[in-house]
Amino acid sequence: MTSQLKKEDLLRAYRTMREIREFEDRLHIEFATGKIPGFVHLYSGEEAVATGVCMHLTDEDRISSTHRGHGHCIAKGVDIHGMMAEIYGKKTGTCGGKGGSMHIADLEKGMMGANGIVGAGPPLICGAALAAKFKGNGGVGVAFFGDGASNQGTILESMNLASVWKLPVIFLNENNGYAESTGVSYNVPTPNIADRAAGFGMPGVTVDGNDFFAVYEAAGEAIRRARAGEGPTLLECKTQRYFGHFEGDAMTYRPNGESQNLRKTKDCLKIFAEKAIAAGLVTAAELEAIDKEVLALIEDSVVKALAAPKPTAADLLTGVYVSY
Ligand SMILES: Cc1ncc(C[n+]2csc(CCOP(=O)(O)OP(=O)(O)O)c2C)c(N)n1
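A few points on the structure. (Residues numbered from 1 in each chain as written. Predicted model: local features only at pLDDT ≥ 70, side-chain atom pairs only at ≥ 80, totals over all residues. Heavy atoms only, no water.)

**Some remarks on the overall build of the protein chain**
Per the secondary structure count, the protein chain includes 10 helices and 7 strands. Whereas a compact globule of 324 residues would reach a radius of gyration of roughly 20 Å, the protein chain reaches 19 Å, a difference of no more than 12%. Summarising its shape, the C-alpha atoms of the protein chain cover approximately 50 × 50 × 40 Å along the three principal directions. Counting every position in the protein chain, which comprises 324 residues, the buried fraction comes to 52%. In the protein chain, the share of contacts with a sequence separation of at least 24, taken over all contacts with a separation of at least 6, comes to 75%. (Helix = DSSP H or I, 4+ residues; strand = E, 2+ residues; numbered from the N terminus. Rg over C-alpha atoms; globule rule 2.2 N^0.38 Å. Buried < 20%, exposed > 50% of the residue type's maximum accessible area, 1.4 Å probe, protein only. Contact = heavy atoms within 4.5 Å.)

Okay, here's the thing in structure tokens:
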């Protein structure tokens, strides 16, 4: 348990994790109504990872995300109303309703985008980190990627370049045990994905991704190194997703009851609450008050998203080019 965190930080961490959980659990229900266009990949279960990492970042720092990006967006401070509207394909969405679940980006928040191309984030983050290094502004880049993505050449090349150039990058592997329906032991030959770091001359660290405090500590050290010009780190957080690969996945590749058992035994929100309450740092009543506020926020975001207009045909011609 970390002593660095003040009470207000602990409550902020809990609120962020709760926002991600309620956002995802509600999307699971909303998707079943058939009103959400496109694919939706839920992050529920992995909240401690995005939260423990992004608590260390400012709007100047950059993150790249994956197809499972809602948690990363929320942890990086992207507006929840804008996200819900975006997922519903509405004009009031973060990207004007033209991106949808898999392409939410908010450059003002340093969120370079969720990405439907597995392995596409790390090269983008190397570019952002190189820019930060040239500018000397102390900015860092964090590239989130999954266990399946860890086998992509784009990521291995990025690790090599980041290490050779000592870029301020954190390669943040979210090992949730499955790449679509393929279990991690079928495609990763080492016990830990972080073991690969040695081949690139960078530190490799594996932590329990269900323990917010473990993630927070390890991410803090990796980000400190990056800001100090000491180069990249590969940080692996072992976690799990509660839902299928995408909404509609029957999960026949998972043992019966696996997801339900994980909710009982490895829920990062429960683990956080137990530890923080036992240490006398927060009270159960304080956490319950947050739960209520977050539920109301998510409900409001759905009501507003449903009522919002769709983009017009003319909107299709906006946001096509960016001037620098
Ligand atoms: C370049 C590319 N190859 C394949 C796919 C199809 N695909 C989408 S998600 C996925 C699995 C990703 O697994 P992982 O990286 O472990 O992330 P997780 O879904 O577990 O979060 C695959 C193969 C893709 N979108 N892009």
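What follows picks up the thread again.
**Considering the packing of helix α1 (residues 7–31) against helix α2 (residues 47–54)**
Think of two packed helices as two axes; the pair is described by the angle between the axes and how far apart they sit. Packing of α1 against α2 brings their axes to within 9 Å, and their N-to-C directions diverge by 140°. By the angle between their directions, the pair α1 and α2 is classed as oblique. The interaxial crossing formed by α1 with α2 has right-handed handedness. Where α1 approaches α2, its residues Ala13, Thr16, Met17, Ile20 and Arg21 are matched on the opposing element by Glu47, Ala48 and Thr51. Across the contact of α1 with α2, the residue classes break down as 4 nonpolar, 2 polar and 2 charged. (Axes fitted to C-alpha atoms, helices over the stretch in contact; angles between N-to-C directions. Parallel < 35°, antiparallel > 145°, perpendicular 65-115°, else oblique. Left-handed = near helix turned anticlockwise from the far one by under 90°. Nonpolar A, V, L, I, M, F, W, Y, C, P; charged D, E, K, R; others polar.)

**Things to note about the packing of aromatic side chains**
Across all of its chains, the model carries 7 aromatic pairs by this definition. Between phenylalanine 212 and phenylalanine 213, the ring centres sit 5.3 Å apart and the planes meet at 80°, which makes this aromatic pair edge-to-face. The pair phenylalanine 212 / phenylalanine 213 is uniform in exposure class, with both members buried. Measuring from centroid to centroid gives 5.3 Å for phenylalanine 213 and phenylalanine 272, while their planes differ by 5°, and the two rings are stacked. (Phe/Tyr/Trp six-rings, centres within 6.5 Å; stacked < 30°, edge-to-face > 60°.)

**Examining the nonpolar core**
Core analysis: the largest hydrophobic core is formed by 63 residues, its most contacted members being Phe23, Leu172, Phe212 and Phe272. Tallying contributions element by element places helix α7 (residues 212–227) first for this core, with 9 residues. In this structure phenylalanine 272 touches Leu10, Ala13, Tyr14, Met17, Phe212 and Phe213, once residues within four positions along its chain are discounted. Membership of the second largest hydrophobic core comes to 16 residues, among which are Ala149, Ile155, Met159 and Leu234. (Core = buried A, V, L, I, M, F, W, Y, C linked by side-chain atoms within 4.5 Å.)

**Brief notes about the packing of α1 against helix α10 (residues 284–307)**
The contact between α1 and α10 brings their axes to 9 Å, and the two run at 40°. It follows from the interaxial angle that α1 and α10 lie oblique. The crossing of α1 and α10 is right-handed. Listed contacts from α10 to Lys7, Leu11, Tyr14, Arg15, Arg18, Glu19, Glu22, Phe23, Arg26 and Glu30 of α1 are Glu286, Leu287, Ile290, Asp291, Glu293, Val294, Leu295, Leu297, Ile298, Glu299 and Val302. Residues that form the contact of α1 with α10 fall into these classes: 10 nonpolar, no polar and 11 charged.

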